[in-house]
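Residues per chain, in single letters:
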Amino acid sequence: MLVLDHVNLSLGSFSLTANFSISAGARLAVMGPSGAGKSSLLLAIAGFIAPTSGRILWGDQDLTARDPAQRPVSMLFQDQNLFPHLTLLQNVVLGLTAGGRAAAAQLAQAEVALAKVGLPSYGGRKPAQVSGGQMGRAALARVLLQARPLLLLDEPFAALDQDLRHQMLDLVVQVAAQTAATVLMVTHDDRDAARFASYVIKVDHGAAGPPRSI
C-alpha cells in the first residue's frame, strides 16, 4: 500500500497537501486543471521533490528521505526519457544497469522486454528512427524490465493521436498486470482515464485526493 501521510509540498507560492492511501496493484488517473500540482504529486512520490512535512510510505518502508534511485518507483515522462544517441536496446537495458556496462544476460533480458511490447526487431534503431508510439513502447519495455511495484506516468502519451494513445494505455494495463504494479497516471482526458483506471485522484485548490471510483 502507498500512503501519503499528511504530506505537504511547498514550492515558492505553490502548495499542495495530500493525505490518503492507495491499495497495492490499483490503477489511478491523476486529474485536475493545469498548474494544480499533478506532476508535483508524482515527483514527490518519486523522490524528486521533498515534502516540507508529512511522510510517504510504501508498505512498511518510509520513503520520505530516500533518494529517487532508492525508491521502488519507475517514472515515465512526456518525452519518454530516451537518450537519442543510444539504440532502443541500449535505452531499455538502462533499466538494469543505470548507465553501467551491460552484460550479455542483461542485453538478452532487454531484447525479451522489447519483444513483449511488440518491438522484437527494433533494438538496433535509435529513437529518431522510430515513431512516437514505438518510442513509447521502448520506454515501457524499460519499465517492464525494472519490474518495480510503483509506476508513475506523467502524460507520456499526450502527444500521440487517440488510436495510438489507446494502444499505449492498453499496453500499460498489460505491463501493470505482469508486474503487479500500482500505477498513477496524469491525464486531462476523461476517456483515457476511464479506459485505463478504476480510480481517480482529483488535484485542485491546493489538495490532492483521496482516490474515488471512476
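Figured I'd write up the structure that's included with this text. Keep in mind it's a predicted model, so treat the numbers as computed, not measured. (Residues numbered from 1 in each chain as written. Predicted model: local features only at pLDDT ≥ 70, side-chain atom pairs only at ≥ 80, totals over all residues. Heavy atoms only, no water.)

Section: the pattern of salt bridges
In total, this model carries five salt bridges according to the counting rule given. The salt bridge partner of Arg165 is Asp192, with a shortest N-O separation of 2.5 Å. Of this pair, Arg165 sits in helix α5 (residues 162-179) while Asp192 sits in helix α6 (residues 190-196); the two residues are 27 residues apart in sequence, bridging distant segments of the chain. Exposure remark for Arg165: the relative accessible area of 12% places this residue in the buried category. Notably, a salt bridge pairs Asp170 with Arg195, separated by 2.9 Å at the nearest N-O pair. Linking Asp170 in helix α5 with Arg195 in helix α6, this pair joins segments that are 25 residues apart in sequence. Taking the relative accessible area as the measure of exposure, Asp170 reaches 30% and is therefore partly exposed. Connected via shared salt-bridge partners are Arg165, Asp189, Arg191 and Asp192. (Salt bridge = Lys/Arg side-chain N within 4 Å of Asp/Glu carboxyl O. Helix = DSSP H or I, 4+ residues; strand = E, 2+ residues; numbered from the N terminus. Buried < 20%, exposed > 50% of the residue type's maximum accessible area, 1.4 Å probe, protein only.)

So, the pairing of strand β4 (residues 53-58)
As defined by bridge partners, strand β1 (residues 2-11) adjoins β4 across five bridges and the pair is classed as antiparallel. Along β4, the bridge assignment pairs Leu4 with Ile56. One ladder, built from two bridges, connects β4 with strand β5 (residues 61-62); its direction is antiparallel. For Leu57, the partnering residue across the bridge sits in β5 and is Asp62. The hairpin formed by β4 and β5 contains two residues between the paired strands, and Gly59 there has a positive phi angle of roughly 60 degrees. (Pairing = 2+ DSSP bridges.)

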